[in-house]
Amino acid sequence: MKLPSARQVAQRTQHSLLSAAQWRARLIVWIGGAAVGGMAVAFAKCADLALAGLHRMTHARYWLPYLLAPIGFATLSYLTRRFFSGAEGSGIPQTIFSLSPEAGAVGERLLRPRVALGRMVLAMAGLLCGGSIGREGPTVHVGAIITRALARFMPHGGTDAQRRAMILAGGAAGVAAAFNTPLAGIVFAIEELSRSFEERASGTVLTAVIIAGVMAIALVGDYTYFGQPGVVAVPSVLAATTLSVGIVGGIAGGLFSRITLLGVTAMPGALGRMRRNRPEVFAFLCGLVVAGIAAGCGGLTYGTGYDEARGILESGAHLPWYYAPARAAATLSAFFSGIPAGILSPSLSVGAGLGQTMADFAHEPSAVPFAILGMCGYLAGVTQAPLTSLVIVMEMTTQHAMVLPLMITAAIGTAVSKLLTPPLYQTLAQRYAAPPAATAAPASQ
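The structure presented is a predicted model; accordingly, all values stated were derived computationally and were not measured.

Digging into the overall build of the protein chain
Looking only at helices and strands, one finds 21 helices and zero strands in the protein chain. Here the protein chain holds 445 residues, and the buried ones make up 57% of them. Of the contacts made within the protein chain by residues no fewer than 6 positions apart, 79% connect residues no fewer than 24 positions apart. Of the roughly 18100 Å² of accessible surface on the protein chain, 67% is carried by carbon and sulfur atoms.

Description of the environment of Val290
Here Val290 lies in helix H13 (residues 279–296). Residue Val290 is classed as buried on the basis of its relative accessible area, which comes to 2%. With 221 residues separating them in the primary sequence, Val290 and Ala69 have C-alpha atoms 7.1 Å apart. Those residues within four positions of Val290 in sequence are excluded, and the remaining contacts are Phe73, Gly130, Gly131, Ala330, Ser333 and Ala334.

Observations concerning empty space enclosed by the protein
Per the counting criterion, the structure on display carries two cavities of 30 Å³ or more. Size it by volume and the largest cavity reaches roughly 50 Å³. Elements with a minimum of two residues in the lining of the largest cavity: helix H9 (182–194), helix H17 (368–383) and helix H18 (386–397). Class assignment for the residues of the lining of the largest cavity results in six nonpolar, two polar and one charged.

Notes on the layout of surface pockets
Approximately 590 Å³ is the volume attributed to the largest pocket. Ala44, Asp48, Arg135, Tyr306 and Asp307 are, among the 29 residues lining the largest pocket, the residues nearest its centre. Take the lining of the largest pocket: its biggest share by element is nine residues, from helix H2 (residues 20–58). When grouped by side-chain class, the residues that make up the lining of the largest pocket number 15 nonpolar, seven polar and seven charged. In this model, the second largest pocket occupies a volume close to 350 Å³. For the second largest pocket, the lining is made up of 16 residues, of which Ser98, Leu99, Ser100, Asp160 and Arg164 are closest to its centre. Contributions of two or more residues to the lining of the second largest pocket are made by helix H5 (104–110) and helix H8 (160–179). At five residues, H8 tops the list of elements feeding residues into the lining of the second largest pocket. Taken together, the residues that form the lining of the second largest pocket break down as six nonpolar, four polar and six charged.

Side note on the pattern of salt bridges
One pass over the structure, following the stated rule, counts five salt bridges. Glu108 is the partner of Arg148 in a salt bridge, and the nearest nitrogen-oxygen pair spans 3.1 Å. Separated by 40 residues along the polypeptide, Arg148 in helix H7 (residues 136–150) and Glu108 in helix H5 bring together distant segments of the chain. Residue Arg148 is classed as buried on the basis of its relative accessible area of 13%. Using a relative accessible area of 43% as the deciding quantity, one classes Glu108 as partly exposed. Salt-bridge contacts for Glu314 lead to Arg310; the nearest nitrogen and oxygen are separated by 2.7 Å.

Some remarks on a nonpolar patch on the surface
Taken together, Tyr62, Trp63, Tyr66, Leu67, Ile71, Leu271, Val281, Phe284, Leu285 and Leu288 make up a surface patch of nonpolar side chains, about 950 Å² in accessible area. The greatest single-element share of the nonpolar patch, amounting to four residues, is contributed by H13. Its place among the elements puts Leu271 in helix H12 (residues 269–277). A residue is classified by how much of its surface remains accessible, and Leu271, at 45% relative accessible area, is partly exposed.

Things to note about the nonpolar core
Formed by 120 residues in total, the largest nonpolar core has its most connected members in Phe73, Ile92, Leu193, Phe336 and Leu406. Excluding residues that lie within four positions of it along the chain, Leu193 makes contacts with Ile92, Thr95, Ile96, Leu99, Val140, Leu168, Gly171, Ala172 and Phe188.

Points about helix H19 (residues 403–418)
Its 16 residues place the ends of H19 22 Å apart at the C-alpha level, agreeing with the 22 Å of an ideal helix rising 1.5 Å per residue. Turning to H19, its buried residues number three or more, namely Pro405, Leu406, Thr409, Ala410, Gly413, Thr414, Val416 and Ser417. When H19 is viewed along its axis, its buried side chains cluster within an angular range of 165° and face the same direction. Of the exposed residues in H19, the ones pointing more than 90 degrees away from its buried face are Leu404 and Lys418. Contact partners of the buried residues in H19: helix H11 (240–266), H17 and H18.

Description of unusual backbone geometry
For His363, which is not glycine, the phi dihedral falls at a positive 60°. Considering the arrangement of structural elements, one finds His363 in the loop between helix H16 (344–361) and H17. Even without a glycine there, the phi angle at Gln384 is positive, about 55°.

Focus: the environment of Ala326
Tracing the chain through its elements places Ala326 in helix H15 (residues 323–336). Judged by relative accessible area, Ala326 falls into the buried class, the value being 11%. Residues Ala326 and Val350, 24 residues apart in the sequence, show an inter-C-alpha distance of 8.6 Å. Setting aside anything within four residues of it in sequence, one finds Ala326 in contact with Ile293, Cys297 and Thr301.

What to know about H2
Between its first and last C-alpha atoms H2 spans 57 Å; for 39 residues at 1.5 Å apiece the expected length is 57 Å, and the two agree. Where H2 terminates, the next one or two residues include Ala60, which has phi positive at roughly 65°.

So, how was this worked out
Residues numbered from 1 in each chain as written. Predicted model: local features only at pLDDT ≥ 70, side-chain atom pairs only at ≥ 80, totals over all residues. Heavy atoms only, no water. Helix = DSSP H or I, 4+ residues; strand = E, 2+ residues; numbered from the N terminus. Buried < 20%, exposed > 50% of the residue type's maximum accessible area, 1.4 Å probe, protein only. Contact = heavy atoms within 4.5 Å. Areas by Shrake-Rupley, 256 points an atom, 1.4 Å probe, with all protein chains shown as cover. 1 Å grid on protein atoms, 1.4 Å probe; cavity = no way out; pocket = protein on both sides within 12 Å on 5 of 7 lines; lining within 4 Å. Points joined across faces, edges and corners; volume = space filled by probe spheres on them. Nonpolar A, V, L, I, M, F, W, Y, C, P; charged D, E, K, R; others polar. Salt bridge = Lys/Arg side-chain N within 4 Å of Asp/Glu carboxyl O. Patch = residues over 30% accessible without salt bridge, like charges linked within 9 Å, V, L, I, M, F, W, Y side chains within 5 Å. Core = buried A, V, L, I, M, F, W, Y, C linked by side-chain atoms within 4.5 Å. Expected span 1.5 Å × (residues − 1). Arc of directions from axis to C-beta.

See the structure below:
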């Protein structure tokens, strides 16, 4: 292959620097990244307000969640199906499907601005009603919608490749801004959203992630998502407890993923018929389950799980052994109800509780490193995305010294999960490829 001459390289560089069309494209990417970063911060602040409102309302009113959760879930399920089809569930499967070549008109419907508005408003309402739901998956979806809307202003109206790159960039920027983890945003785009990385999209994704991160930092300051956990001693990569955390995290995460897929695609018996034919009644029952679990746990399963996980990591809070299964059950119930409900943040919280319990069982002097490993192993088991799980947890906790144990845990968790279930997000995304009558409003995606 003949290399271009220095003169040719200089001419191409000059054309790139002086081209109005290319500067227009760059400006649109910058605006998109900034918009996603601002949206992620606003979404997080509103979610915090919703949780604070829930705690104020339920303080000294033990009976209120038994009204708030079932009635709220039923109402939100109806609103989602009736007015915001495509806003149900996590939002990551919708983004993945929209990136596929066969997305077509269904993919366009999943990326309507109205879906973004409904997802944010209804997700905050779900938190206010006591749901165990995350905001990071919805942030990915809303980020993709924002950048997809801006793609039409690209030169020549935006090509298919440009639109796909913008969707990919918006989703990656959503992860980066929501967790303040720029590397994780890039890895998430490679490993989870696209399953491949086109050279022509790499610059767009990287730029959007950087701009979104800068915007988030400008609004709330630089911070570590889970604070500064105090890890006195790093577990050995070959220690029995370290390996056990990966295995148990993979089993627990894989079972969560499999139950989710079975519940969405083939829920048996009367419950399955009710979910198909009377979804609001089914959502009402899901709300009752969520309220009952929260009452039995003293309210520990409300919200995203962020406070509980940070308490374990930063202040050494000790949660009861049943916290992890209770949080997982509450997250499943909220997801099955059909309301907008992310699972990333609750999964991290489940993993932290799981790691703490295993450290207690093994009589380890400190539960913090094992809670960190538990987050990685369980998230890898749920998503089967080991690199994303590793990088997210490492960046959120700044525990770079634990890279090798985290790598081992993520690899084991993913391998074990693959023995139990197909990939969660990709399998859910495939449901949108069904005939139009079935894709109009999948009940609990």
